[in-house]
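# Analysis of the macromolecular model
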Amino acid sequence: MFLMNATADYRQPLDPRDAETLGPAAAEEVERHLSVRENHAVTPLMALSGLAREIGVAAIHIKDEGHRLGLGSFKALGGAYAVIRLVLEEAGQRLGRTVDLAELHSQEVRAAAREMTVACATDGNHGRSVAQGAELVGARAAIFVHSGVSDERVAAIARFGAEMIRVEGTYDDSVREAARVAEAKGWIIVSDTSWPGYERIPGLVMQGYTALVREALRQMPEPPTHVFIQSGVGGIAAAVAGHLAIALGDRRPVFTVVDPARAACLFETARAGRPVTIAHGEPTVMAMLECYEPSLVAWRILSRAADAFMTVDEVDATGIMNRLARPVSGDPAIVAGESGGVGLAGALKAIADPVIRAALSIDQRSRIFVVNTEGATDPGKYEEITGLSPPQSPRRTGKEL
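Keep in mind the model is a prediction, meaning the values are calculated, not measured.

Moving on, we come to the packing of aromatic side chains. Enumeration according to the criterion identifies three aromatic pairs in this entry. Considering the side-chain rings of phenylalanine 74 and tyrosine 209, the 4.8 Å spacing of their centres and the 65 degrees angle between planes classify their relative orientation as edge-to-face. Placement of the pair is phenylalanine 74 in the loop between strand E3 (59-64) and helix H4 (79-95) and tyrosine 209 in helix H9 (residues 200-219), with a sequence separation of 135 residues. Residue phenylalanine 74 is classed as buried on the basis of its relative accessible area, which comes to 7%. A relative accessible area of 1% means that tyrosine 209 is categorised as buried.

Here you go:
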């Protein structure tokens, strides 16, 4: 399925709140936070020149977030960053002054962190980031996972010392349960989705993602003309689209949001012109994108900054995992999890369809940018789909900052 953005807000300026959240000053602050992380490194941008020649475009660049901060996912940029910001703010309130990042390991900040519990619902990657952030600063973490989250992903989160809480039902059920329990216990919800009255913290999470966009713009020889980004609740798509709209202005690329066909909450929201909750159906292999209700903040951004919305099927997701794992024409091999290559899968599907290709004005001069949002965060599932064992993840050595 494919549709162009026909909402009333399309191409309108970003809401001032979102422009501040995703603008250059905020992105610079994110990079300052990253600069003090011991295992921080700019993730690689890969040129898929062989694939570009094959499909008739000038360039394809893929930002490989499977290398991010030892967590194997772009989510490492969001949850931990938000937790650190919240701890510094809590310490500042107690001390009656602004507390700088350089003071993070001070006794005053650690004392504030010890009395804080952060909580979230997750499909796996966001919860891992929140749990890591809590461990880094000495706070407690309670992570809610729904029945579809694999035991392997649960164990990967628990290694950071988080309390793991299983919830029957879907991701959206776990979001609601996390909010209910957190309110009753006085915990702080650090969610990557937003709802009425809860916007600032999801904004901080999205703000963390701007780092990968700034890195990519510095790494590319020229800015992209077309971007395809996968979507769950919409956070990563909104962060990339919003930052590009601010950074590039009139030169911003044609931006397409890619949903799983079995969990197309952003696509159906775009079709309706307003946020909608879709029915839960057959599970999708794209586990990190299996969401049935969009983030309100993400939709507010995407209704303005996205040009098109489309869906991909199960075979598209597994096919791109195998294509990236076994490249041809001299392209580098890339380890992509079940949701990691969905943006690229959308790009290939769009280019193969003459109607969609024309609607997006893709031709031999087009420069396409996509993000591999996760590596093999579930190694067993990766091996099941590709028949290959993923490279062993780096050994975790404990706390770092």
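The discussion continues.
With respect to the helices and strands, the residue threonine 373 is situated in the loop between strand E11 (367-372) and helix H16 (379-386). Among the polar contacts made by the side chain of threonine 373, one reaches the side chain of glutamine 230 at a distance of 3.1 Å. A distance of 3.4 Å separates a polar side-chain atom of threonine 373 from the backbone oxygen of serine 339. Those residues in contact with threonine 373, other than ones at most four positions away along the chain, are Glu65, Gly72, Ser73, Phe74, Gln230, Ser339 and Gly340.

With the rule as written, the count across this model stands at 35 salt bridges. The salt bridge partner of arginine 85 is glutamate 89, with a shortest N-O separation of 3.7 Å. Note that arginine 85 and glutamate 89 are positioned in helix H4 at a spacing of four residues, about one turn of the helix. Arginine 85 gets classed as buried once you look at its relative accessible area, which sits at 18%. Take glutamate 89: its relative accessible area is 28%, and that puts it in the partly exposed class. Between glutamate 177 and arginine 180 there is a salt bridge, and its shortest N-O distance comes to 2.7 Å. A residue pair is termed a helical-turn pair when its members lie 3 or 4 positions apart in one helix, as glutamate 177 and arginine 180 do in helix H8 (residues 171-185) at three residues. Connected through shared salt-bridge partners, Asp15, Arg17, Asp18, Glu199 and Arg300 make up one network.

The strand order across the open sheet formed by four strands is E6-E5-E4-E7, and the pairing between neighbours is parallel. Edge strands, defined here as strands with exactly one partner in the open sheet, are strand E6 (163-167) and strand E7 (188-189).

Applying the stated rule across the entire model yields five cavities of 30 Å³ or more. Reported here for the largest cavity is a volume of approximately 240 Å³. Looking at the largest cavity, it is lined by 22 residues, and the ones nearest its centre are Phe74, Lys75, Asp192, Met288 and Leu289. Secondary structure elements with two or more residues in the lining of the largest cavity: helix H6 (125-137) and helix H10 (235-248). Its residues placed into classes, the lining of the largest cavity shows eight nonpolar, 10 polar and four charged. Looking at the second largest cavity, its volume works out to about 60 Å³. In terms of lining residues, the second largest cavity is bounded by Val30, His33, Leu34, Arg37, Leu69, Ala76, Leu77, Ala80, Tyr81 and Ile84. Looking at the lining of the second largest cavity, the elements that each hand over two or more residues are helix H2 (24-35) and H4. Its residues placed into classes, the lining of the second largest cavity shows eight nonpolar, one polar and one charged.

So, about unusual backbone geometry. Residue arginine 11 is not a glycine yet carries a positive backbone phi of 70 degrees. Along the chain, arginine 11 falls in the loop between strand E1 (2-4) and helix H1 (16-22). Positive phi values are uncommon outside glycine, yet leucine 69 reaches one of about 55 degrees. Here leucine 69 shows up in the loop between E3 and H4.

This next bit is on the nonpolar core. Among the nonpolar cores identified, the biggest contains 99 residues, and Ile143, Phe144, Val190, Val240, Phe255, Leu302 and Phe309 are the most heavily contacted of them. If we ignore the near neighbours within four places in the chain, the residues touching phenylalanine 144 are Ala119, Cys120, Ala121, Thr122, Ile165, Val167, Ser174, Glu177, Ala178, Val181 and Trp187. Ranked by size, the runner-up nonpolar core spans 30 residues in total, among them Leu344, Ala347, Ile351 and Ile368.

Our focus in this paragraph is the environment of threonine 377. In this structure, threonine 377 sits in the loop between E11 and H16. Expressed as a C-alpha distance, the spacing of threonine 377 and valine 118, which sit 259 residues apart in the sequence, is 22 Å. In this structure threonine 377 touches Leu71, Gly72, Asn125, Arg128 and Arg153, once residues within four positions along its chain are discounted. Side-chain polar atoms of threonine 377 contact the side chain of arginine 153, separated by 3.0 Å. In this structure the side chain of threonine 377 is engaged in a polar contact, spanning 2.7 Å, whose partner is the side chain of glutamate 374.

What counts and what doesn't
Residues numbered from 1 in each chain as written. Predicted model: local features only at pLDDT ≥ 70, side-chain atom pairs only at ≥ 80, totals over all residues. Heavy atoms only, no water. Phe/Tyr/Trp six-rings, centres within 6.5 Å; stacked < 30°, edge-to-face > 60°. Helix = DSSP H or I, 4+ residues; strand = E, 2+ residues; numbered from the N terminus. Buried < 20%, exposed > 50% of the residue type's maximum accessible area, 1.4 Å probe, protein only. Polar contact = N/O pair within 3.5 Å; in protein donor to acceptor, adjacent residues only side chain to side chain. Contact = heavy atoms within 4.5 Å. Salt bridge = Lys/Arg side-chain N within 4 Å of Asp/Glu carboxyl O. Pairing = 2+ DSSP bridges. 1 Å grid on protein atoms, 1.4 Å probe; cavity = no way out; pocket = protein on both sides within 12 Å on 5 of 7 lines; lining within 4 Å. Points joined across faces, edges and corners; volume = space filled by probe spheres on them. Nonpolar A, V, L, I, M, F, W, Y, C, P; charged D, E, K, R; others polar. Core = buried A, V, L, I, M, F, W, Y, C linked by side-chain atoms within 4.5 Å.

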